[in-house]
Amino acid sequence: MNALVHLTHDCNLRCPYCFTGAKFAREMSAETARRSAEFVIDHAKEHGQRAVFSFFGGEPMMAYDTLREMVLHAEKVAEERGVHAVFRMNTNGLLIKEEHLAFFEQHDLIFILSIDGNQAMHDAERRTESGHGSFEALAKKLPRFLEHNPGMMASVVVTPTNLPHTADGIRFLFDAGFRFLIIKPDITQPWSEDHVAELSRQYELVAEDYLARMRRGDDLYLNLFDDKWINHAKGAEGISIRCDVGTSQISIAPSGNIYPCVRWVKEEEDTVPRLGDVWQGFIPHKLDEIRAASHAPKSPCNDCSYNDGRCANECACEHYSATGRIDTPAPALCEHERVMVPIADRVGNTLWREQNPIFLRKLYPKLAQIRTNRPDDGAKGATP
Amino acid sequence: MKKKLPVLGKPTPAASQRGLAAKPVKSGASRPEFPTRGEAYLKAGLLGGATLLAGCGGSAPAPKQPAPVTEPAPVAQEPAPTPTTTQQVATDQPAVPPQQAQQSMPPPPPDQGPPPPPPVDPALLVNGSIDGQPLASQMPKFKVHREGGGIGPAEDMWDPSEVEAYVSWQMAKEGKLALKSNYQLDFDGVQLTLAGYDPDKNIGYAYYDKFGGDTAAPKDVHAKLDGWMKANKAAILLIEVGRVPDTATMKGKIMKFMTQVKKHPPATGPLSASAS
């Protein structure tokens, strides 16, 4: 089970695009944190799963003491129950100090960093309460973060405001040493036709850069391309794994209430589906409702050629945030995918024709393994 | 009929996306030229019971009309892939289903174990070996792949045996060691299963991988290993993989350790009568 644990509703930034609702100082209590850990571990044990705790917010580092206590308690309970506990965190990184890194190291807590590219792109949205950009403070920490975890993942949000800097921003992150990037458009913003045209221009530049990096042997991950390639390569299997809302993934609010996903943790609003709480457990019919709705065919995607795993139209809570319906994607999402799918196909086709070794290894690991194991490969200089 | 969900009670963000629409792509849709895994593996002989491995993937031209995954062509009708020196199956013979092949093969002679490994030229072992075999010319690699996801973080996954293979290769090469895998060490009150160990040079490593379900080595084991190292009895590197393993970091650890070992090598010969 992957439990996204919202330790607080508070944050040290005020990014306009934030989807986690109003920022107010309500932290998860120590008692709720302990109970949440036990609830997740028990559920994981019952279903033969690992217990994955992904700390979320607000900014989870604003509730570091609770985080620390919860990790220690979860480790102890997991050991007693014979469950493997794993810790993750989404953070803006600004509050992380050396002592925190030592704790993360000791407890294998891996964090994903929210950073929107270079300074122009990042500061366009990610600002403090007083309106100042947060890039400068974060940039100072990047070398140490990347030293701490060379595989650190960056999470980037693209909006109509920071859109013009997208290609430069992504290039900056790769140059800075990031190897794993997740780019997500905020599809709840007022996108226009002009924005979509600019998006296309920016993604063409991103494609050019990514192609060049793969050609020179950089082993990177950029979800805009890799997810589409891998989902195509996986075939039908690739379609079913992308949204596990209400099944193997839940969000736990500071109050202990359980919601299907992060976007729904808005306790100041009474319009979102609550699935229960960590004391009473799941409300069965609510869980069934959300599962049925999230697995229902998306409208109007059924007869779309891209609805074969290449289109990122599976995020139930994203649809709900944009259109009020789980089964209806936002126009902006559809436009985004109609721009991105052909670009990803084209770059993938080029790499396939060139028999790019990194592309082949990513998509067809069994073939790559055979070629690696062949003893004459090295002598002939064959691709790995 | 669409199922009604909780009402937001205000215009949705989608209403502000003027001029944009969610509309299916039906004609002129882009298509990948690269095959699915099912198609690629079928062509490579990895699916459908065939055993031919070569002539696929890295050296294959892009298929113009990939075979449908749902109705794969019978393997026997597939053109035979290009033979290589490592191939063990004659390519001029049509592939036969495994069951049929098994029936047509003569039964193995009774009470006969696996054939002994071919003799290895000792000259090939001087630069390092693993379980009596010379090191592969190409460094083994391990792959970290991602699974899961959604809006939460996806999981990084790896195969601990691949990481071990990488560490053994690096260590054997760097120290010209004759490593034995899964070596059971019983010395000085400590019992350890070492992933790789040279019992003559008394150099090796223990591998703990949380992903593989290992718990980290206890602190008293750490202390013992430090003590052996200082006393030049044995040099054992503890590799504890908790977060995503990374070749550069792993190699750095090995190099640092081997540099230290080269400066103060442990005494050679049997460590103790109780070491097996």
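Heads up: these notes are all about the structure in this document. Worth saying up front: this structure is predicted, and the values here are computed from it rather than measured.

This part is about helix H13 (residues 331-353) of chain A. The periodicity of an α-helix, 3.6 residues per turn, causes residues three or four places apart in sequence to face the same way. Residue and element names in this part refer to chain A. Here H13 is 23 residues long and its end C-alpha atoms lie 33 Å apart, about the 33 Å a rise of 1.5 Å per residue gives. The buried fraction of H13 is high, at 17 of 23 residues. Residue Gln 355 follows H13 closely and has a positive phi angle near 55°.

We now examine the pairing of strand S8 (residues 235-241) of chain B. All names here are of chain B. A large share of S8 lies buried, amounting to 5 of its 7 residues. Sheet analysis places strand S7 (residues 203-209) next to S8, joined by 7 bridges and oriented parallel. The residue bridging Tyr 207 from the neighbouring strand is Ile 239, located in S8.

Here we come to helix H11 (residues 284-295) of chain A. Residues and elements named next belong to chain A. Helix length check: H11 (12 residues) gives 17 Å between terminal C-alpha atoms against 16 Å at 1.5 Å per residue, within 8%. Those residues of H11 not exposed but buried are Ile 290, Ala 293 and Ser 294. Around the axis of H11, the buried residues are gathered within 95° of arc, so they sit on the same side. In H11, the exposed positions that point more than 90 degrees away from the buried face belong to Pro 284, His 285, Asp 288 and Ala 292. The elements touched by buried residues of H11 are helix H12 (316-323).

Attention now moves to the pairing of strand S8 (residues 249-252) of chain A. Residues and elements named next belong to chain A. Of the two faces of S8, both are covered, the one formed by Gln 249 and Ser 251 as well as the one formed by Ile 250 and Ile 252. With 4 bridges connecting them, strand S1 (residues 2-6) and S8 associate as parallel partners. Looking across to S8, one finds that Val 5 is bridged to Ile 252. Across 2 bridges, S8 lies against strand S9 (residues 257-259) in antiparallel orientation. For Ser 251, the partnering residue across the bridge sits in S9 and is Tyr 259.

Bringing unusual backbone geometry into the picture now. In this model, Gly 57 of chain A is joined to Gly 58 of chain A through a cis peptide bond whose omega is 5°. Looking at the element boundaries, Gly 58 of chain A is found in the loop between strand S2 (51-56) and helix H2 (64-81). Look at Asn 182 of chain B: it is not a glycine, yet its phi comes out positive at around 50°. Relative to the helices and strands, Asn 182 of chain B resides in strand S5 (residues 178-187). One non-glycine residue with positive phi stands out, namely Asn 202 of chain B, at about 60°. Relative to the helices and strands, Asn 202 of chain B resides in the loop between strand S6 (190-198) and S7.

Next up on the list: the packing of helix H8 (residues 193-215) of chain A against H13 of chain A. All names here are of chain A. The interhelical angle for the contact between H8 and H13, taken along N-to-C directions, is 20°, at an axis separation of 10 Å. In terms of orientation, H8 lies roughly parallel with respect to H13. Crossing handedness for the pair H8 and H13: right-handed. Facing H8, whose interface residues are Val 196, Leu 199, Ser 200, Tyr 203, Glu 204, Ala 207, Tyr 210, Leu 211 and Met 214, H13 presents Glu 335, His 336, Val 339, Met 340, Ile 343, Val 347, Thr 350 and Leu 351.

All names here are of chain B. Strand order in this open sheet of 6 strands is S2-S1-S5-S6-S7-S8, and the pairing throughout is mixed. Either end of the sheet is taken by a strand with one partner, and the two such strands are strand S2 (133-134) and S8. As paired strands, S5 and S6 are joined by 7 bridges and run antiparallel to one another. Counterpart to Leu 185 in the pairing with S6 is Leu 192.

Basis of the calculations
- Sequence positions are assigned chain by chain, starting from 1 and proceeding in written order.
- For this description, chains carry letters from A and ligands carry numbers from 1, given in the order in which they are written.
- Only residues with pLDDT of at least 70 get local features here, since the model is predicted, and only at 80 or more are side-chain atom pairs given and counted; chain-wide, interface and lining totals rely on the full set of residues.
- Only DSSP runs of H or I covering at least 4 residues are called helices, and only runs of E covering at least 2 are called strands; the numbering of each starts at the N terminus.
- The length a helix should cover is 1.5 Å for every residue beyond the first.
- Each residue is classified by how many other C-beta atoms fall within 10 Å of its C-beta atom, where C-beta atoms are placed from the backbone; a count of 20 or more means buried, 12 or fewer means exposed, and values in between mean partly exposed.
- The pairing criterion for strands is at least two bridges between them, as found by DSSP.
- As used here, the arc is the angular range of directions from the helix axis to the C-beta atoms.
- This entry defines residue contacts through backbone-placed C-beta atoms, with two residues in contact when those atoms are within 7 Å.
- Lines fitted to C-alpha atoms define the axes, with helix axes restricted to the stretch in contact, and inter-axis angles between N-to-C directions lie between 0 and 180 degrees.
- Angles below 35 degrees are treated as roughly parallel, those above 145 as roughly antiparallel, those between 65 and 115 as roughly perpendicular, and all remaining angles as oblique.
- For a crossing to be left-handed, the near helix must be turned anticlockwise from the far one by less than a right angle; the clockwise case is right-handed.

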